[in-house]
Amino acid sequence: MATMPAHHPSRAAMRDRAIEAWLPLANHLARRYSGRGEPTDDLVQTAALGLIKAVNKFDPSHGVDFAGYAIPTIVGELKRHFRDRTWDIRVPRRLQELRLAISDANSTLLQTLGRSPTVADIAAHLKLTEEQVLEGLEGARAYNAVSLSTPTGDGDRATELGDMLGGEDGEFEIAELRVSLGPALATLDEREQKILTLRFYGNLTQSEIAAQIGVSQMHVSRLLSRALAKLRVHLTDTC
């Protein structure tokens, strides 16, 4: 196929035969990466895409047989799939690649050491510092996110994770306002304080307030507006 001209009528059919002939290899490589949280069908499709790229780009003049060229190409496509498509939270590509390297190193060292490798073991194997390995392990936590709807607890007392997370408490703002309100009220004269008390604590109407203090309702309205304006300025300056 490689020796045929690009538009030779037999080239397309030969290309299809080559892909079909090597498809079992792609499927075998895809199954090696199953069980890592990705649907097998997606991995098979990704491996097939890598095989097609290998068939399209293979050049026998380089002295490498097709299997030696296709396997790294397909595996590379699978690794890119995990790197680019399966993270629940996007992190820098450097950390994505570091996670894969740490995962591979962990599997290798587990067999050679006969025990779970330490951070120092992985760092020595990858020729990295322990801080870099820890950074990679921390970044790996973004690979899978936990739903806020995840049940926690057991039995009748089970609840969702989101219900256990804190949020903004509006009562804090109200408490701060109440603390500031005392000094603000002290800046008003006695009549303004009485009008505010009757209006907002006594729940009286402006007409009822006017009857109690012996002024017109219009005057009560002006006094109330002026008192509230003073409070607003004072609270804005102090909060």
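Because the structure is a prediction, the values reported are computed rather than measured.

Reading guide: rules and limits
- Residues numbered from 1 in each chain as written.
- Predicted model: local features only at pLDDT ≥ 70, side-chain atom pairs only at ≥ 80, totals over all residues.
- Heavy atoms only, no water.
- Helix = DSSP H or I, 4+ residues; strand = E, 2+ residues; numbered from the N terminus.
- Buried < 20%, exposed > 50% of the residue type's maximum accessible area, 1.4 Å probe, protein only.
- Contact = heavy atoms within 4.5 Å.
- Expected span 1.5 Å × (residues − 1).
- Bend = angle between axes of the 7 residues up to and from the residue.
- Salt bridge = Lys/Arg side-chain N within 4 Å of Asp/Glu carboxyl O.
- Phe/Tyr/Trp six-rings, centres within 6.5 Å; stacked < 30°, edge-to-face > 60°.
- Lys NZ or Arg CZ within 6 Å of the ring centre and 35° of its normal.
- Axes fitted to C-alpha atoms, helices over the stretch in contact; angles between N-to-C directions.
- Parallel < 35°, antiparallel > 145°, perpendicular 65-115°, else oblique.
- Left-handed = near helix turned anticlockwise from the far one by under 90°.
- Nonpolar A, V, L, I, M, F, W, Y, C, P; charged D, E, K, R; others polar.

Engineer: Kindly report on the side chain of Thr46, identifying the contributing residues and their values.
Structural biologist: Looking at where Thr46 falls in the secondary structure, it is placed in helix H2 (residues 40-57). A relative accessible area of 11% means that Thr46 is categorised as buried. In this view, Thr46 contacts Glu77, Leu78 and His81; residues no more than four positions away in its chain are not counted.

Engineer: Give me helix H1 (residues 11-32): which residues, what numbers.
Structural biologist: Taking 1.5 Å of rise per residue, the 22 residues of H1 would be expected to cover 32 Å, and the 32 Å separating its terminal C-alpha atoms lies within 8% of that figure. Trp22 marks where H1 bends most, by close to 45°; the proline Pro24 follows one to four residues later.

Engineer: Pulling in residues and values, what's your account of the pattern of salt bridges?
Structural biologist: In total, this model carries six salt bridges according to the counting rule given. In this structure, the salt-bridge partner of Arg15 is Asp16, at a minimum N-O distance of 3.8 Å. Of the residues examined, Asp16 reaches a relative accessible area of 38% and is grouped as partly exposed. Via salt bridges that share partners, Glu192, Arg226 and Lys230 belong to a single interconnected network.

Engineer: Requested: an account of the environment of Glu97, with residues and values cited.
Structural biologist: Looking at where Glu97 falls in the secondary structure, it is placed in helix H4 (residues 93-113). Here the alpha-carbon distance between Glu97 and Arg80, two residues 17 residues apart in the chain, equals 9.2 Å.

Engineer: I'd like a description of the packing of aromatic side chains, backed by residues and values.
Structural biologist: Scanning the model with the defined rule gives three aromatic pairs in all. Here the aromatic rings of Phe58 and Tyr69 are separated by 5.8 Å at their centres, their planes lie at 50°, and the arrangement is tilted. Taken together, the residues Phe58 in the loop between H2 and helix H3 (66-85) and Tyr69 in helix H3 connect sequence positions eleven residues apart. Residue classification places Phe58 among the partly exposed positions, given a relative accessible area of 22%. For Tyr69, a relative accessible area of 29% corresponds to the partly exposed category. Connected via pairs of aromatic rings, a cluster forms that spans Trp22, Phe58, Phe66 and Tyr69. One cation-aromatic arrangement involves Arg199 over Phe200; the distance from NZ or CZ to the ring centre is 5.7 Å.

Engineer: Pulling in residues and values, what's your account of the side chain of Glu192?
Structural biologist: Within the secondary structure layout, Glu192 lies in helix H8 (residues 190-201). Excluding residues that lie within four positions of it along the chain, Glu192 makes contacts with Arg226, Ala227 and Lys230.

Engineer: I'd like to hear about the packing of H8 against helix H9 (residues 206-213), residue by residue, with values.
Structural biologist: Look at H8 against H9: their axes get within 10 Å of each other, and the N-to-C directions meet at 140°. Classified by the angle between their axes, H8 and H9 sit oblique to one another. Relative to H9, the crossing made by H8 is right-handed. Every residue of H9 that contacts H8 at Lys194, Ile195, Leu198 and Arg199 is listed here: Ile209, Gln212 and Ile213. When its residues are assigned to classes, the contact of H8 with H9 shows four nonpolar, one polar and two charged.

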